[in-house]
There are 2 protein chains.
Amino acid sequence: MSSIREEARRMKLAAPHLAAAPIEQRNAALENIAKELEKHQVEIFQANALDLQEAMEEGIAPAIQKRLKYDAVKMRDSIAGLRELEKLDDPVGQVLLERELDEGLVLRRVTVPIGVIGVIFEARPDAMVQVASLCIKSGNCAILKGGKETAGTNRALFEIIQKAVLEAGLPEHSLFQAQQHSEIDELLACDQDVDLLIPRGSNRFVRYIMEHTKIPVMGHSSGICHIYADEKADPEKAIPVIVDAKTQYPAACNAVETLLVNRQIAGKFLPKAASALAKAGVRLRGTKEAAELLERAADTGLWRAAANPGEDAETNHATEESAKRPRIAPEDIMDEEDFATEYNDLVISIRLVENVREAVEHINSFGSHHTDCILTEDDAAAEYFMQMVDSAGVYRNCSTRFADGYRYGFGAEVGISTGKLHARGPVGLDGLVTYKYRLVGGGQIVADYASGKKQFHHRDL
Amino acid sequence: MSSIREEARRMKLAAPHLAAAPIEQRNAALENIAKELEKHQVEIFQANALDLQEAMEEGIAPAIQKRLKYDAVKMRDSIAGLRELEKLDDPVGQVLLERELDEGLVLRRVTVPIGVIGVIFEARPDAMVQVASLCIKSGNCAILKGGKETAGTNRALFEIIQKAVLEAGLPEHSLFQAQQHSEIDELLACDQDVDLLIPRGSNRFVRYIMEHTKIPVMGHSSGICHIYADEKADPEKAIPVIVDAKTQYPAACNAVETLLVNRQIAGKFLPKAASALAKAGVRLRGTKEAAELLERAADTGLWRAAANPGEDAETNHATEESAKRPRIAPEDIMDEEDFATEYNDLVISIRLVENVREAVEHINSFGSHHTDCILTEDDAAAEYFMQMVDSAGVYRNCSTRFADGYRYGFGAEVGISTGKLHARGPVGLDGLVTYKYRLVGGGQIVADYASGKKQFHHRDL
C-alpha cells in the first residue's frame, strides 16, 4: 500500500494530464459515476447499513446517525447533483483576458485547474460523491479523506468513482482515498506536491489543519454570524428571519449566533423576538442590559409572542411557558469577550447597540467574517452595513442560512471560505481553478522595448 | 512612536472606511502625490544624495548604487506612472455576478479591497511611490517597509505621500511606514489585523517571511525560468530570445536560468547559442553531454558565432575569444540536482532533452513555476508545452523577460506570484482586491425552500 506522500508525488505528475483532459471526458466520468451508483446501490446500502450499525453500537446521537445514512433518497440527490454538474460550463480554459501587447505578441490569461487538492470532509456519504465530482469537473487531482463513521460506505463509493473515472480514460492517479486518520498528518507535510487543502468539520479540527501545514488552506474554522435588527426593522419580516437563521439548522456554520438590536426599538422588538426564539426552543444569552430589558417587559406584560416561530421548531409545554416570559437567566449574562462564541446549537447571544455603526464595529470585532445580516427598511443604513461589514456575505432582510453554494446557484460547493484570498464565501467550481498567462510571439525581445526601438500598444482583443 | 501591532490594529479599523472612499477621492490622492513630488523634488534629491553617499562609503557595488538613485528621470517616471494609474478603471465595486435567486432575492458578487496589506520591498525609491499608489488606488491600507539603503529617501517620499493622502480626505491610518528592520518580525505576528503580506527581495528573505507568519503571503521566493529550444526552433528568432532572456537584466526573477535543447538540433544549434551567450559575457554550465558536444563542435569548427549577441552586452577581448570557442569548463559540469539553481547573474545551465515531453518534465520538476518558454515553429509542440508546463507564464517564441506588470499593461505591479491561489504571475490592481457577496431580500427564510413551499430559479441579471 502506497503512502500518501508517494501518492501525492504521482498525482503531481498526473495533474497536468488531467488538466489537459477535454471537458467531454471529464463529463463522461461524472455520467459514469451516476450510472455506476445506480448499478451498485445494493452493495452501497449494505456497506452503509454496517456503518450505521456500528455507529449505533457506539451510541452516536440520532441527529448524527441521520447524517451518516445513505439511502435511496440521498442517492437520487447524488445522481441528480452529478447530472446538474455535467450541465455546468467548463470552468477550465476560460479566457479572462486577451491582449495584444504589440504587433504579433499576444497575451492570454486562461483558467486552469489548481492541480492537486486535499479535501478532508465530515462523515457524510453524499459529500464523497460531491467532492470527488467537483474535483473531476474542474480538472483537479484530489486526495479524499472522509469521516471515519462512514468508512465502509466511503470505500464502496470510492471504488465506484475510481472505476468510473478510469473508464472515462482519465489518468490513473486522478483520485486517491485516504482511509486512516494518521494519513492526515502525512498529507499536511506534502507541501511540495499538494497545492491546496480544503478541511471541513469542527472549528478545532480546521484550526489544527491551518496551524500544521505550509499548504494553502481554504475554508473556515468558525461561523459566528450576526443579525442586526435596525431602528427601521420591520418586525413582520425580521422575526421570522431571526428564527429561521437560528433554528432551521443550528449546527450549520451559517446559522446566526448573535442578535444585535438597536436600542431605539429594543423595548418593543426584543421581547417579541425573544418570545419567538424561546418558543422555538432557543436558549437566550446576552448582556445585563438585554436581560434587564426582558425582565421589565415580562413584568409589565409589554411583549407579545411572535406570530410565526419557524416551522422546524419542536414546541413543547416548557418552551410554550418560556415563550410567555422569555428571559436571560443570571448564568447566561454575558461579558463582552463572550460574544466571540459559536454555539452550533439552539442558543443565541443578544446585545443592544446604539446604531448601525456600533453594530458594524461589534461584527467586525467579534465575528468570523462569514455571513452577517441587517434587518431594516432604511436604504442608507443597509448600504452602510453592507459596505462596512468585512465579511464574505453581507445580507439585508433575509436569513443567513442562504450562504450556501446550492442556494447561490453554484451547482454544489466544496466548502465556505472566510479567508480573503482566492475564493471567498461558498466555493463552487470557480474556486477550484486558477489561471496561467500564455504569451505567444514571433521572436520578440525585451531589449527592443527597453531601448525604445519598439513600443507596447496594449490593445485588448 | 506607535508599535507596528498597534498601528495594524488602527489600520484594521480604518480599512472599511478607506474601502468605502469613492474613486474620485482615491484618484485625487494620487494626483496630490504627483504634484507634491514635483514641488518637493529638491528635498527628495537631497535626501537621496545622502543615502547614496552613505552607500558609497559602505562600498556598495555600482550596479546597486544605480538602483538606489532617485533623480529627475526617475521622478518623471514616477509621476507618469501615477497619472497612468489615475486613468485605470476602479478595481473596487465591480459586479462580477448578479443573480436573482428567487423573486425579490438578489445576489451580487462585488469586488472589494483586501483590507490591510504589508509590503516589504527592496531599496528602490521608485518602489515606494509605486507600491503606495497601487494600494491607495485599490482602496487598501498598507504598511510599507522599504530597503534600508534608501531609508532617507523613503522617509522624504513617505512624508509627501502621507500628506497627499490626508489632503484628499482619506483616513488617517491608511498608510504607515515601518522604518526599522526589527519591525518586520513584529509585522509577521499581526495575523489578526493584516490580511496579506507581499515580500520582495532575495530568495532567502522571501522564504524567511513565508516560513515565519500565519498571514497569507503573495510573491515568489525564486525565479528559475527555462527556455526550451525545440526540434523545430528557428535559430534566427531563437538565439536573440535566449540572449535577451539571460542578459537584458540578469538580476531579474524573469531572467532565464536554464536552457534546454532538443537533441535532434543540439549539434548545430547549441554551438551557435553558446557562442552568442559567451559573446554576451555569459558563463556556461551544463551536463557532461552538453559540455562534450561543445568540445567536439569547437574541435571541428562546426559552430558559427551568432549574428546578434544582445545589445546590452559589454564585449571585450576575453569574451570575443570565448565566443569563438564556447565551452563548459570541467568545474561547470552539472549533476541533475544542480538544475534547481537561480543565478541572478550572467551564468546559464544547459541540458539536452529528447523531446518536448522531457523538457516539460524537467521544468515541472526543477522550475519555480514562474515563466517558461518554448522556441518552436511547431504548433503541436507549442500547445503541448503551454498546456503541460505548470507555471504562471508559459511563452512561445519570446523572451521570459516580458513577465512584468508594465509589459502586460497592468499599469504597474506590486509583485510576481508563483503561488497558485488568488493572483498568479505579475500582480497589478486586480490582485489587490477580493469580493464579497451581497444578498438583498424582503424577509425570505430558508425553511420555505427546504420544505418545498418556494423554489429557487437562479436567473442571472
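Scroll up to find the structure this text is about.
Keep in mind that this is a model prediction, so the values were computed, not measured.

Definitions and limits used
- Residues numbered from 1 in each chain as written.
- Chains lettered and ligands numbered in written order.
- Predicted model: local features only at pLDDT ≥ 70, side-chain atom pairs only at ≥ 80, totals over all residues.
- Heavy atoms only, no water.
- Helix = DSSP H or I, 4+ residues; strand = E, 2+ residues; numbered from the N terminus.
- Buried < 20%, exposed > 50% of the residue type's maximum accessible area, 1.4 Å probe, protein only.
- Contact = heavy atoms within 4.5 Å.
- Areas by Shrake-Rupley, 256 points an atom, 1.4 Å probe, with all protein chains shown as cover.
- Lys, Arg positive; Asp, Glu negative; His and termini not counted.
- Charge placed at Lys NZ, Arg CZ, Asp CG, Glu CD.
- Pairing = 2+ DSSP bridges.
- Axes fitted to C-alpha atoms, helices over the stretch in contact; angles between N-to-C directions.
- Least-squares fit on C-alpha atoms with pLDDT ≥ 70 in both.
- Polar contact = N/O pair within 3.5 Å; in protein donor to acceptor, adjacent residues only side chain to side chain.
- Parallel < 35°, antiparallel > 145°, perpendicular 65-115°, else oblique.
- Left-handed = near helix turned anticlockwise from the far one by under 90°.
- Nonpolar A, V, L, I, M, F, W, Y, C, P; charged D, E, K, R; others polar.
- Buried area = accessible area lost by both parts, 1.4 Å probe.
- Salt bridge = Lys/Arg side-chain N within 4 Å of Asp/Glu carboxyl O.

**A look at the overall build of chain A**
Moving on, step 1. Along its length, chain A carries 16 helices and 16 strands.
Moving on, step 2. Here the C-alpha coordinates of chain A stretch approximately 85 × 70 × 35 Å along the principal axes.
Moving on, step 3. Within the span of chain A, comprising 461 residues, buried residues form 61% of the whole.
Moving on, step 4. Pairs at least 24 apart in sequence give 74% of the contacts found in chain A among residues at least 6 apart.
Moving on, step 5. By element, 49% of the accessible surface of chain A is carried by carbon and sulfur atoms, the whole surface being about 18500 Å².
Moving on, step 6. A gap of 2 Å separates the mean positions of the 54 positive and 71 negative side-chain charges of chain A.

**A few points about the sheet that holds strand 3 (residues 116-120) of chain A**
Picture the strands of a sheet paired through backbone hydrogen bonds; they go either parallel or antiparallel.
All names here are of chain A.
Moving on, step 1. With parallel pairing, four strands are arranged side by side in an open sheet as 5-4-3-6. Of all the strands in the sheet, just strand 5 (175-177) and strand 6 (196-199) have a single pairing partner and so form its edges. Geometrically, the sheet is characterised by an average inter-axis angle of 15 degrees between neighbouring strands, direction not taken into account.
Moving on, step 2. Sheet topology note: the strand 4 (residues 141-145)/strand 5 ladder contains three bridges and is parallel.

**What to know about the relation of the copies chain A and chain B**
Moving on, step 1. For the pair chain A and chain B, the relating rotation is 180 degrees, the translation along its axis is 0.0 Å, and the fit reaches an RMSD of 0.1 Å. Taken together, the rotation and translation describe the operation of a two-fold axis. The C-alpha atom lying nearest the rotation axis in chain A is that of His422 of chain A; the distance is 1.9 Å.
Moving on, step 2. Of all interface residues in chain A, 100% are interface residues in chain B too; the two copies therefore contact each other through one and the same surface.

**Here's the deal with the side chain of Asp193 of chain B**
All names here are of chain B.
Moving on, step 1. Its place among the elements puts Asp193 in the loop between helix 8 (182-188) and strand 6 (196-199).
Moving on, step 2. On the accessibility criterion, Asp193 (7% relative accessible area) is buried.
Moving on, step 3. There is a polar contact of 2.9 Å between the side chain of Asp193 and the side chain of Arg9.
Moving on, step 4. When near neighbours in sequence (up to four residues on either side) are disregarded, Asp193 contacts Ala8, Arg9, Lys12 and Val116.

**With respect to the packing of helix 2 (residues 23-39) of chain A against helix 5 (residues 72-87) of chain A**
Residue and element names in this part refer to chain A.
Moving on, step 1. Running from N to C, helix 2 and helix 5 cross one another at 165 degrees; their axes reach a closest spacing of 9 Å. What the angle tells us is that helix 2 and helix 5 run roughly antiparallel. Here helix 2 runs over helix 5; the crossing is left-handed. From helix 2, Asn27, Leu30, Glu31, Ile33, Ala34, Lys35, Leu37 and Glu38 reach across to helix 5, where they touch Met75, Ser78, Ile79, Leu82, Arg83, Leu85 and Glu86.
Moving on, step 2. For the contact of helix 2 with helix 5, the class distribution of residues is eight nonpolar, two polar and five charged.

**Focus on the interface of chain A and chain B**
Moving on, step 1. Opposite the 78 residues of chain A that make contact, chain B presents 78 residues.
Moving on, step 2. In this assembly, chain A packs against chain B so that about 6500 Å² is buried in total across both faces, 58% of it on carbon and sulfur atoms.
Moving on, step 3. Ranking the residues of chain A by area buried against chain B places Leu421, Tyr437 and Val446 of chain A at the top, with a combined share of 11%.
Moving on, step 4. For the pair chain A and chain B, the interface holds eight salt bridges.
Moving on, step 5. Here Asp430 of chain B and Arg109 of chain A are joined by a salt bridge, their closest N and O atoms 3.1 Å apart.
Moving on, step 6. Our count for the chain A to chain B interface comes out at 49 residue pairs in polar contact (both at pLDDT 80 or more).
Moving on, step 7. It is strand 15 (residues 433-444) of chain A that contributes the most residues to the side of chain A that touches chain B, 11 residues altogether.

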